Amino acid sequence: MTHFLDTQDWSRADLDSLLEMAGRLRESPAQKLLEGRSIALLFLNPSLRTSTSFQVGAARLGATAVVLQPGRDAWPIEFDFGTVMDGAAEEHIAEVAGVLSAYCDLIGLRAFPRFEDWAEERQDRLIGALARYASVPVINMETIVHPCQELALMRTVKDRLGPPAGRNFLLTWCWHPKPLNMAVANSALTIASRFAMNVTLLCPGPEWRLDDRYMARAAENVKTAGGSLRVTHDIDQAYRGADFVYAKSWGCLAAYGNPERQTAMAAPYRHFIVDEAKMDLTNDAWFSHCLPLRRNVKATDGVMESPRCVALAEAANRLPVQQALMLKLLGHGIDNIALPIGEEDKADG
Amino acid sequence: MTHFLDTQDWSRADLDSLLEMAGRLRESPAQKLLEGRSIALLFLNPSLRTSTSFQVGAARLGATAVVLQPGRDAWPIEFDFGTVMDGAAEEHIAEVAGVLSAYCDLIGLRAFPRFEDWAEERQDRLIGALARYASVPVINMETIVHPCQELALMRTVKDRLGPPAGRNFLLTWCWHPKPLNMAVANSALTIASRFAMNVTLLCPGPEWRLDDRYMARAAENVKTAGGSLRVTHDIDQAYRGADFVYAKSWGCLAAYGNPERQTAMAAPYRHFIVDEAKMDLTNDAWFSHCLPLRRNVKATDGVMESPRCVALAEAANRLPVQQALMLKLLGHGIDNIALPIGEEDKADG
Amino acid sequence: MTHFLDTQDWSRADLDSLLEMAGRLRESPAQKLLEGRSIALLFLNPSLRTSTSFQVGAARLGATAVVLQPGRDAWPIEFDFGTVMDGAAEEHIAEVAGVLSAYCDLIGLRAFPRFEDWAEERQDRLIGALARYASVPVINMETIVHPCQELALMRTVKDRLGPPAGRNFLLTWCWHPKPLNMAVANSALTIASRFAMNVTLLCPGPEWRLDDRYMARAAENVKTAGGSLRVTHDIDQAYRGADFVYAKSWGCLAAYGNPERQTAMAAPYRHFIVDEAKMDLTNDAWFSHCLPLRRNVKATDGVMESPRCVALAEAANRLPVQQALMLKLLGHGIDNIALPIGEEDKADG
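Keep in mind it's a predicted model, so treat the numbers as computed, not measured.

1. Section: the overall build of chain A
Check the secondary structure of chain A and you find 14 helices and 11 strands. For 349 residues, the compact-globule formula gives about 20 Å, and the C-alpha radius of gyration of chain A, at 20 Å, lands near that figure. Considering only C-alpha atoms, chain A reaches an extent of 65 × 55 × 35 Å along its principal axes. Partitioning the contacts of chain A with sequence separation of at least 6, the portion at a separation of at least 24 is 80%.

2. Overview of the relation of the copies chain C and chain B
The transformation that overlays chain C on chain B combines an axial shift of 0.0 Å with a rotation of 120°, and the residual RMSD is 0.0 Å. Within this description, the copies of the chain are treated as partners about a three-fold rotation axis.

3. Structural notes on the interface of chain C and chain B
If you look at the interface, chain C gives 25 residues, while chain B gives 26 residues. Looking at the side of chain C that touches chain B, the elements with two or more residues in it are β1 (38-43), β2 (64-68), β4 (91-92) and α3 (93-103) of chain C. Considering every element that reaches the side of chain C that touches chain B, the biggest residue donor is α3 of chain C, with 7 residues. Looking at the side of chain C that touches chain B residue by residue, the classes come out as 13 nonpolar, 7 polar and 5 charged.

4. Let's talk about the pairing of strand β5 (residues 106-110) of chain C
Residue and element names in this part refer to chain C. Among the 5 residues of β5, 5 are classified as buried, and the element is accordingly described as predominantly covered. The sheet contact formed by β1 and β5 spans 5 bridges and is parallel. Note on β5: the bridge partner recorded for Ala40 is Ile107. Sheet topology note: the β5/strand β6 (residues 138-140) ladder contains 3 bridges and is parallel. Note that in β6 the partner of Leu109 across the bridge is Asn140.

5. A few points about the sheet that holds strand β1 (residues 38-43) of chain B
All names here are of chain B. Here 4 strands make up an open sheet; going across it, the order is β2-β1-β5-β6 and the pairing parallel. Taken across any chain shown, the strands that pair with only one partner, and hence form the sheet edges, are β2 (64-68) and β6 (138-140). For this sheet the average axis-to-axis angle between neighbouring strands, irrespective of direction, equals 20°.

6. Remarks on helix α6 (residues 147-161) of chain B
Residues and elements named next belong to chain B. With 15 residues, α6 ought to run about 21 Å at 1.5 Å a step, and its terminal C-alpha atoms sit 20 Å apart, in line with that. With 11 of 15 residues buried, α6 is to be regarded as a mostly interior element. Here α6 has its buried residues at Pro147, Cys148, Gln149, Glu150, Leu151, Ala152, Leu153, Met154, Arg155, Thr156 and Val157. Looking one or two places after α6, you find Gly162, whose phi comes out positive at around 75°.

7. Focus on the domain arrangement of chain A
The extent of an interface is frequently quoted as the accessible surface area lost upon association of the parts. Residue and element names in this part refer to chain A. If you check the domain split of chain A, you get domain 1 (7-145 + 318-339) and domain 2 (147-312). Placing the centre of domain 1 and that of domain 2 at their C-alpha centroids yields a distance of 25 Å. Of all the secondary structure elements, the ones that give two or more residues to the side of domain 1 that touches domain 2 are α1 (12-27), α2 (49-60) and α13 (311-329). Here the residues of the side of domain 1 that touches domain 2 are counted per class, giving 12 nonpolar, 6 polar and 7 charged.

8. Observations concerning the packing of α3 of chain C against helix α5 (residues 125-133) of chain C
Residue and element names in this part refer to chain C. One can describe the packing of α3 onto α5 by two numbers: an axis separation of 8 Å at closest approach and a directional angle of 50°. Between α3 and α5, the interaxial angle falls into the category oblique. α5 is crossed by α3, and the crossing has right-handed handedness. Together, Ile93, Ala94, Ala97 and Gly98 of α3 and Ala129, Leu130 and Tyr133 of α5 make up the contact between the two elements. Split into classes, the residues belonging to the contact of α3 with α5 amount to 6 nonpolar, 1 polar and no charged.

9. Structural notes on the interface of chain B and chain A
Each partner contributes to the interface: chain B provides 25 residues, whereas chain A provides 26 residues. Only β1, β2, β4 (91-92) and α3 (93-103) of chain B provide two or more residues apiece to the side of chain B that touches chain A. Looking at which element gives the most residues to the side of chain B that touches chain A, the answer is α3 of chain B, with 7 residues. The residue inventory of the side of chain B that touches chain A, partitioned by class, reads 13 nonpolar, 7 polar and 5 charged.

10. Observations regarding the environment of Pro307 of chain B
Residue and element names in this part refer to chain B. Here Pro307 lies in the loop between α12 (301-304) and α13 (311-329). Residue Pro307 is classed as exposed on the basis of its 6 C-beta neighbours within 10 Å. In this structure the C-alpha to C-alpha distance between Pro307 and Leu161, which are 146 residues apart in sequence, comes to 15 Å.

11. Some details on the sheet that holds strand β9 (residues 228-232) of chain A
Residues and elements named next belong to chain A. What the 5 strands build is an open sheet, ordered β9-β8-β7-β10-β11; its pairing is parallel. In this open sheet, the two strands that pair with only one neighbour each are β9 and β11 (286-288). Strand-to-strand twist of the sheet, defined as the mean angle between neighbouring strand axes without regard to direction, takes the value 15°. Sheet topology note: the strand β7 (residues 168-173)/strand β10 (residues 244-248) ladder contains 5 bridges and is parallel.

12. Things to note about unusual backbone geometry
That bond from Leu291 of chain A to Pro292 of chain A is cis: its omega, 5°, falls within 30 degrees of zero. Looking at the element boundaries, Pro292 of chain A is found in the loop between β11 and α12 (301-304). Of note, the phi angle at Asp124 of chain A is positive, near 55°, even though the residue is not glycine. Structurally, the position occupied by Asp124 of chain A is in the loop between α4 (118-121) and α5 (125-133). Of note, Leu291 of chain C is a non-glycine position whose phi angle comes to about 65°, a positive value. If you trace the backbone, Leu291 of chain C turns up in the loop between β11 (286-288) and α12 (301-304). Judged by local crowding, Leu291 of chain C falls into the buried class, with 22 C-beta atoms found within 10 Å.

13. Observations regarding α5 of chain C
Considered for burial, the residues of α5 of chain C that qualify are Leu126, Ile127, Ala129, Leu130 and Ala131 of chain C. Where α5 of chain C is buried, its residues contact α3, β5 and β6 of chain C.

14. Let's talk about the environment of Ile144 of chain C
All names here are of chain C. Mapped onto the secondary structure, Ile144 falls in the loop between β6 and α6 (147-161). Once the C-alpha coordinates of Ile144 and Asn186 are considered, the two residues, 42 residues apart in sequence, prove to be 7.5 Å apart. Beyond its immediate chain neighbours, meaning those up to four positions away, Ile144 contacts Pro113, Glu121, Arg122, Asp124, Met182, Ala183 and Asn186.

15. With respect to the packing of helix α1 (residues 12-27) of chain C against helix α13 (residues 311-329) of chain C
Residue and element names in this part refer to chain C. Between α1 and α13, the shortest axis-to-axis distance is 8 Å and the interhelical angle comes to 120°. Taken together, the axes of α1 and α13 are oblique relative to one another. α13 is crossed by α1, and the crossing has right-handed handedness. Residues Leu18, Met21, Ala22, Leu25 and Arg26 of α1 form the contact with α13, whose participating residues are Asn317, Pro320, Val321, Gln323, Ala324, Leu325, Leu327 and Lys328. Residues belonging to the contact of α1 with α13 are distributed by class as follows: 9 nonpolar, 2 polar and 2 charged.

16. Regarding the pairing of strand β9 (residues 228-232) of chain B
Residue and element names in this part refer to chain B. Of the strand pairs in this sheet, strand β8 (residues 198-202) and β9 are connected by 5 bridges, and their pairing is parallel. The partner of Thr200 across the bridge, within β9, is Arg230. Assessed by its sense of winding, the connection that carries the chain from β8 through helix α8 (residues 212-225) to β9 is right-handed.

17. Observations concerning the environment of Ala316 of chain B
Within the fold, Ala316 of chain B resides in helix α13. Sequence spacing of Ala316 of chain B and Ala152 of chain B is 164 residues, and the spatial spacing of their C-alpha atoms is 8.1 Å.

Procedures and definitions
Residues numbered from 1 in each chain as written. Chains lettered and ligands numbered in written order. Predicted model: local features only at pLDDT ≥ 70, side-chain atom pairs only at ≥ 80, totals over all residues. Helix = DSSP H or I, 4+ residues; strand = E, 2+ residues; numbered from the N terminus. Rg over C-alpha atoms; globule rule 2.2 N^0.38 Å. Contact = placed C-beta atoms within 7 Å. Least-squares fit on C-alpha atoms with pLDDT ≥ 70 in both. Nonpolar A, V, L, I, M, F, W, Y, C, P; charged D, E, K, R; others polar. Buried ≥ 20, exposed ≤ 12 C-beta atoms within 10 Å, placed from the backbone. Pairing = 2+ DSSP bridges. Axes fitted to C-alpha atoms, helices over the stretch in contact; angles between N-to-C directions. Expected span 1.5 Å × (residues − 1). Domains from an automatic or database assignment. Parallel < 35°, antiparallel > 145°, perpendicular 65-115°, else oblique. Left-handed = near helix turned anticlockwise from the far one by under 90°. Right-handed = clockwise from strand over helix to strand, strands pointing away.

Here's what the structure looks like:
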């Protein structure tokens, strides 16, 4: 049994196959390949896109999604082992994993870091514990990485740029009133380097670099696959020649757990906003963001409403990539997905 | 593409057709005409009937409903344009509308006024913004009007009275411990006048009149369609001869945003409760209410449990009218709805 | 029309039939016998297992489940009759029951006691009021008894022990930081005695006995069906010879409504935890618990992870027993449930 916790655990061939399956599902969305199956969606944090795209995606495949919010409508969960559970948690992840594995064919979990202690939170223990005890595949719906978003991003990159290898991908930090989860930044760095793009990470200074695990992974990916990786703090240099601009705000690891210091550190950098002037420096780049996005804070209205903004297209791609993922985790491959009517001949040829 | 924001935007023929479709769906409820389709239900306020009837109604048609509660399980939303979003809202309605349009075939929104500033809130900007940016039909699930309730009300009026034109419809204000949304009152006035009924609005005094937009609309409706409109503060006069009594509490516009003043203003009028003595003055009228209803505050137990109370029948009608609405917005007409087995001949004849 | 409020209201033959149907559904889970039907699930308290197993169980039968949380996403409900509803409740259970009966084919309710006044709460008025006004079958999803759990427990007992009559069933109290609902303890006592087991109730002292209604019922059950009932405060004696150990924490009726006193009273009894040493005294007993369970508080990690722990199996059984229940309440019997392919001959024989 395979989990989907981090794209880095999956082969490039399997990732390509997911993206190809997603492309086909987009053409021919209603195929009841998962009739009678079900997926439990555990949200410890809010969701709009993830929840809706999984629910609708499952339904179109004939499956049922059950949304659970432990600590709100379900019981608070203990994720550590060997503890005497006389605190707030009413049950252990071992039982939650076992029970949901009994009822459902797949389990998704969203569990953001709590912004307290990065040394501990970078271990991503919640989803690790779930995967350890689940007897069905577990899907990461965003913890300290967001691999479903990676698939949607790369499906969008391919749709717009064709083969990603050798194209210029800019991941730019941007300001936000609160320190945010680094997951999507870690993920963008992971997947763009995995697909051999020339990756530029733009951030205000060296203290805004992402965690070493993800920096090292990106370096290794480009060594293996091709492409390149550079970090810069020079906005102009970063945007020049970019083919794809991806924006994300993230908290500074040096001030992790200290939101006031974080806010003070970020204050001078509101000008990292993605605006028309910066986009004009690019190679007529596409712009995207994982959403939710604060307009005129992370990107201007002008950028968001320009024809080069593909944030909505990326969000739309969440649905077919997650359908592909559910199918693949339950043993289906591209050959199980029927072509749209009238397209069968092309596939044979 | 058509939205369903306000019945006044729809032709009388289209409203009649919805009610006819609803009648047929009631006879033959399970028709999978929306297989593989989906509706997003955005609730900024609580719901029992609306949520359940849309979910069950969609399911019986083969569709899926996704329930979202922005600000609770999804992100808080900005509805204004051009703002620098550095406050509480994490994303803009433009993106929410775009994303949900990508995943779903229909979007419903419930967004009550916040009881702060009526001049601003009477613009009903939230659903306006959603409709502006959505690329699929938007359904008003109650804002400052409640058009789905109007359909259920009028379906119930027709069921009980036959053709509504010229029948006496009493909309009576009643006391409630808190100032309530005027939506259902605005709606009852709108739809009863639209269907050419003789409409009486009973309220404690002139300061309890509904917003001018809805008063003027009702006057215009009866001018166009027939029927009549009067406002009275005389309980006896109002009930005499009524064929249909519809109760609703609503806040006083003169004290909008000032709940203490509102409560003080309403205090002398607890006797507006619908009771058996008042119902005895009518033309053996049917009684209804949109629910939820506080018993022995808005209507007595005796009225609620009398055989002339059709509040449950009206609530039950929410399901088929909303099924008809979803079908119509997605291109289906009455001819797509199969007759119950054994009834086909009657339709031909 | 039959409700499912308490197993004691059902005949032993009907309970046996439910368990048999559940066994068959387990073998052949996807049978769309309830296509187009729906169940409303009203939760006044959190749920993981109940919510998920009803949702997935309904979906596999072709039905839809609607989850409602009155007071959170739906309106607060009044359960008393004749009250002037000028407090917090926005609507009456009579209307809720009527409306949900109009939309759905079944209604489930979870309504824990509030731990204020046992004399009042032992009347279980909420579900009584719902059942009185509903025109469709009502299912108890845990109030002061938990009959769905009883079915899952007894299905598990039969799976592991074969015929339950005459086997030794130990219901042991255990410590918990908060006073908990007695429902599952009442239920375990009810169903084990109903199935003629030799029931031992182990608790720290006479003040920890369950409510007289359930003690008397258990005594009567064993008088009628066979088996025996004893209460003991001697841990060793209780465990010796047990075939099935069932753990549950519950609040002390003598301190009902007084959590501080309760906590003080319970403090000396943390050693009632189910551990390996106690399990070694048994007849190689199976261990189970309704879950959620606090590890190393109610039972040790060692007990939970031992091959004799069937808590997950019991939780898994929630799904087929509740499917059987929904089917039976809607008129289906064992003959409507198809055998798995290849098994039809055995059934004939």
